[in-house]
Amino acid sequence: MRIGILGAGGMAGALGTQWAGAGHEIMISGRDAAATAVRAARMAGGVRAGSWAEAAAFGEVVVVAVREAGLVDVLTACGGALRGKPLVDVTNAADPSAYDPARSPALLIGGLSGGHVVKAFNLCHVDVWRMTPPVFGGRPLAVPLCGDDPAALAAARTLVSDLGCTPLDGGGLARVTQLEATAAFMIGLWFGGADAQAVLPPLHRSGAHGVRPGA
Ligand SMILES: NC(=O)c1ccc[n+]([C@@H]2O[C@H](COP(=O)([O-])OP(=O)(O)OC[C@H]3O[C@@H](n4cnc5c(N)ncnc54)[C@H](OP(=O)(O)O)[C@@H]3O)[C@@H](O)[C@H]2O)c1
């Protein structure tokens with residue numbers, strides 16, 4: 001599929017390279033046309049470079065991978081091109097310790113663009129998205145998705161699978177602030193040097209919520 005990426009930084013480069021390798025057509029975008037073209041040329045797979053509006057128009061799916069500080073300007077520059085489109089939002093709060101659900105990036109993106117937002121890929125560091133594939137202890141990484149629109153969720157599931165990861169139903173947009181807050185909390189643990197993976201038990205030790213006892 002054609003994937004427009006709003007952003008030309010680390011996340012755009014990591015994810016765009018993987019998806020180009022999986023056969024998708026990619027256009028990244030940034031504030032400076034020359035610098036964005038250089039970054040696109042460094043990515044394998046014939047990745048294109050464009051303006052914010054060009055990437056928004058190019059994508060059948062558009063991935064939002066810009067810093068929180070730039071969201072309003074970038075989405076404004078896209079005009080009406082994102083209305084009704086699947087939007088995959090990878091953003092996190094600029095300062096995780098100050099995450100405020102009243103200023104959710106995903107809800108801001110949906111409100112400003114009129115697109116169908118699916119939150120994804122925000123829980124792991126960019127280096128994880130460069131892994132081919134991201135597998136830890138023999139287990140493929142699971143990627144929770146929060147969104148309401150079936151077509152947008154289907155597109156996001158494809159993009160997760162194309163990285164060699166497992167898509168996980170994280171619930172509707174009503175839960176998106178929980179996913180954003182989880183990222184903020186986990187980033188705080190990692191920055192403090194903790195192994196965040198160690199804080200949760202395996203499924204069979206997580207209570208009997210639909211799980212066979214002893215399974
Ligand atoms: N890095 C990670 O480990 C990671 C992991 C998960 C999620 N995220 C989230 O993904 C998003 C992108 O992260 P990244 O690591 O790709 O960042 P990055 O390498 O710093 O790239 C940021 C992108 O945002 C654009 N941008 C637009 N307006 C901006 C402004 N006012 N200030 C700064 N940048 C602006 C930049 O444009 P130019 O190209 O013109 O500079 C650039 O393309 C962020 O929301 C981040 O929280 C990051």
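Residues numbered from 1 in each chain as written. Predicted model: local features only at pLDDT ≥ 70, side-chain atom pairs only at ≥ 80, totals over all residues. Heavy atoms only, no water.

- An unreviewed UniProt entry lists the protein chain under the name Pyrroline-5-carboxylate reductase catalytic N-terminal domain-containing protein, from Nonomuraea wenchangensis.

**Concerning the overall build of the protein chain**
Working step 1: Looking only at helices and strands, one finds eight helices and 10 strands in the protein chain.
Working step 2: What you see for the protein chain is a C-alpha radius of gyration of 17 Å, in line with the 17 Å of a compact globule of 215 residues.
Working step 3: If you line up the protein chain on its principal axes, its C-alpha atoms span 55 × 35 × 35 Å.
Working step 4: When burial is assessed residue by residue, the protein chain has 44% of its 215 residues classed as buried.
Working step 5: Pairs at least 24 residues apart make up 69% of the contacts formed inside the protein chain by residues separated by at least 6 positions.
Working step 6: Accessible area of the protein chain: about 10700 Å², with a carbon and sulfur share of 57%.
Working step 7: Separation of charge centres in the protein chain, based on 16 positive and 16 negative side chains, amounts to 4 Å. (Helix = DSSP H or I, 4+ residues; strand = E, 2+ residues; numbered from the N terminus. Rg over C-alpha atoms; globule rule 2.2 N^0.38 Å. Buried < 20%, exposed > 50% of the residue type's maximum accessible area, 1.4 Å probe, protein only. Contact = heavy atoms within 4.5 Å. Areas by Shrake-Rupley, 256 points an atom, 1.4 Å probe, with all protein chains shown as cover. Lys, Arg positive; Asp, Glu negative; His and termini not counted. Charge placed at Lys NZ, Arg CZ, Asp CG, Glu CD.)

**Let's talk about the site of the ligand**
Working step 1: Close to the ligand lie 23 residues, the nearest being Ala8, Met11, Arg31, Val66 and Val126.
Working step 2: Take Gly9: an N or O atom from its main chain is 3.5 Å from an oxygen atom of the ligand.
Working step 3: When isolated, the ligand has an accessible area of 880 Å², and the protein chains bury 78% of it.
Working step 4: Looking at the shell around the ligand residue by residue, the classes come out as 11 nonpolar, nine polar and three charged. (Near = heavy atom within 4 Å. Polar contact = N/O pair within 3.5 Å; in protein donor to acceptor, adjacent residues only side chain to side chain. Nonpolar A, V, L, I, M, F, W, Y, C, P; charged D, E, K, R; others polar.)

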